[in-house]
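In case you want the letters, here they are:
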Amino acid sequence: MSAPAPSAPAPSAPDPSVAAVVVLAAGQGTRMRSRTPKVLHPVGGRSMLGHVLAAAGPLGAAATVVVVGSGRDQVEAHLAAVAPQARSVVQEQQNGSGHAAALALATLTDLAGPVLIVNGDAPLLRGSTVQALVQAHHDAGDVLTVLTAAVPDPTGLGRIVRDAEGRVTAIVEERDATPEQRAITEVNAGVYVGDGAAVRAALARVGAANDQGEQYLTDVLGLLVGDGAQVGGHRAADPEDTLGCNDRRELAARRRTLNDRVLDDLMRGGVTVVDPATTWVDVTVEVGPDTVLHPGTQLLGATVVGEAAVVGPDCTLTDTEVGDGARVVRTHAELAVVGPDVSVGPFAYLRPGTRLARGAKVGTFVETKNASLGEGAKVPHLSYVGDATIGEGTNIGAATVFVNYDGVDKHHTTIGAHARTGADNMFVAPVTVGDGAYTAAGSVITTDVPPGAMGVARAAQRNVGGWVGRRRPGTPAARAADAALDRTSDDA
Ligand code: UD1
Ligand code: CA
């Protein structure tokens, strides 16, 4: 699941800001070798596109336009879910980033002022970096400012060509670059702020006389320089922010970087991360101070962990709330609420609708679904608890099944407060066990047990004397039985 990018415009747009945001997301992403459009691949809790939208979100632009093409149905459905305020513009044929930008700007003629144009495959881009670019653009009074980065390995990226005075004069794609230009290590990040009208006019003049036969957005820069317009390049404070993602190896690398950032933030905030290499936390997750994350922990989606909790080893928690002081060990949980001081696991499976009140316990090999445990209630061992309400202080015996499904419908079981149910019970829903009631081990409870009663629902025991000697003569069991019976008669 991808978490939404911040969708509502910021209450007040920062100054300086932009009138519109254009995200280029129509490319096929051939190098990903995927049925999924490249920009929809998830990284650390959002799609790549979601990260770009989140980075642009704080600008509070009046309009956000996303250019879609390859896999457009999937991209549009995703946008509707995570950024309903964004509008899509279709690029039927992927004739290049310049063509894509031109299509978007053609729909924005009524907006005056700067426009942010950004590649959709930049999952590490941060709001602060975008804001710094917009600020630089504003301060310099440029017509167009491009975000650049000095990188150790510029392979595959557009090179930033500067003149003797250090002014940006062109962006040259690697495949069109001269050997001298290829040696340049300052690259185009694919993030631009420019005057909407000027960029639109320049895009109309962009040709396709390059190695790929595409209309390059990057050519706008050289065209504007040729016009004598002032363009600039703003170097990103952190070059990692600018890294794109074109194949699965880069996807893994971006995911690692993003995760390291998230863990760094958590550790700065007082969270102990025992093994950062095997701990994966989405950007959308919150973890309180003095919580310890043990190896093999994944915190995903809208998960929130409180203070002084212990999570892991080996937990996957998705959209799950963990309260202060709770302990969750070797657990898989989704859409569950684990209250403060609760103990879960090892080897527990908390499914959606699980709600565990303060001090409750869900123990080893226990599965819960749509189940509420009151304060201090315990399901310690080997049980399935589906569609159930269990009152405070109640203990459920080992190996209990809440039989919630009759083959057609699901039914609810209610167990009162401070009840003690025996081991190996079946609660055949709908059924209620009252406050303070007991049930006998091995019972199949099909009718309500009143408060304070002992529910017994099992066949009375019958012992068939001498059966083993008669029916299994000569076996070790028969010999053991004979010996035991001899001893008993000797004693007599
Ligand atoms: C682009 C830049 C390059 C820069 C790099 C940074 C161009 C020509 N080159 O190269 O200078 O260093 O990004 O990562 O822009 N797209 C469309 N429609 C198209 C083609 C592309 O919407 O017809 C979108 C893609 O979905 C992508 C973005 O434009 O989000 C850039 O396209 P991509 O093919 O990834 O360009 P790069 O070769 O990475
Ligand atoms: Ca790219």
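Analysis parameters
Residues numbered from 1 in each chain as written. Chains lettered and ligands numbered in written order. Predicted model: local features only at pLDDT ≥ 70, side-chain atom pairs only at ≥ 80, totals over all residues. Heavy atoms only, no water. UniProt positions renumbered as here; feature names shortened; annotations may be inferred. Helix = DSSP H or I, 4+ residues; strand = E, 2+ residues; numbered from the N terminus. Buried < 20%, exposed > 50% of the residue type's maximum accessible area, 1.4 Å probe, protein only. Arc of directions from axis to C-beta. Core = buried A, V, L, I, M, F, W, Y, C linked by side-chain atoms within 4.5 Å. Contact = heavy atoms within 4.5 Å. Pairing = 2+ DSSP bridges.

UniProt tags residues 21–149 as "domain: MobA-like NTP transferase" (unreviewed entry). Segment residues 21–149 splits into 34% helix and 24% strand. End C-alpha atoms: 21 Å apart.

Here the focus is helix α6 (residues 196–203). Looking at α6, one finds that the buried residues are G196, V199, A202 and L203. Projection of α6 onto a plane perpendicular to its axis shows the buried side chains occupying an angular sector of 135 degrees, all on one side.

Let's shift gears to the nonpolar core. Core analysis: the biggest nonpolar cluster contains 46 residues, and L299, V338, L356 and I390 have the highest contact counts within it. Breaking this core down by element, the ones donating at least two residues are α8 (248–268), β19 (315–318), β25 (348–350), β27 (361–373), β28 (378–390) and β34 (431–433). Excluding anything up to four places from it in sequence, L299 contacts W280, V281, D282, V285, V287, L293, V305, V311 and L317. Ranked by size, the runner-up nonpolar core spans 32 residues in total, among them V23, L53, L59 and V134.

Another aspect to go through is the pairing of strand β16 (residues 297–300). Here β16 shows one buried face, formed by T297 and L299, and one open face, formed by Q298 and L300. Across two bridges, the pairing between strand β13 (residues 280–281) and β16 is parallel. For W280, the partnering residue across the bridge sits in β16 and is Q298. Pairing geometry for β16 and β19, over four bridges, is parallel. Residue L300 lies in a different strand from β19, and its bridge partner there is T318.

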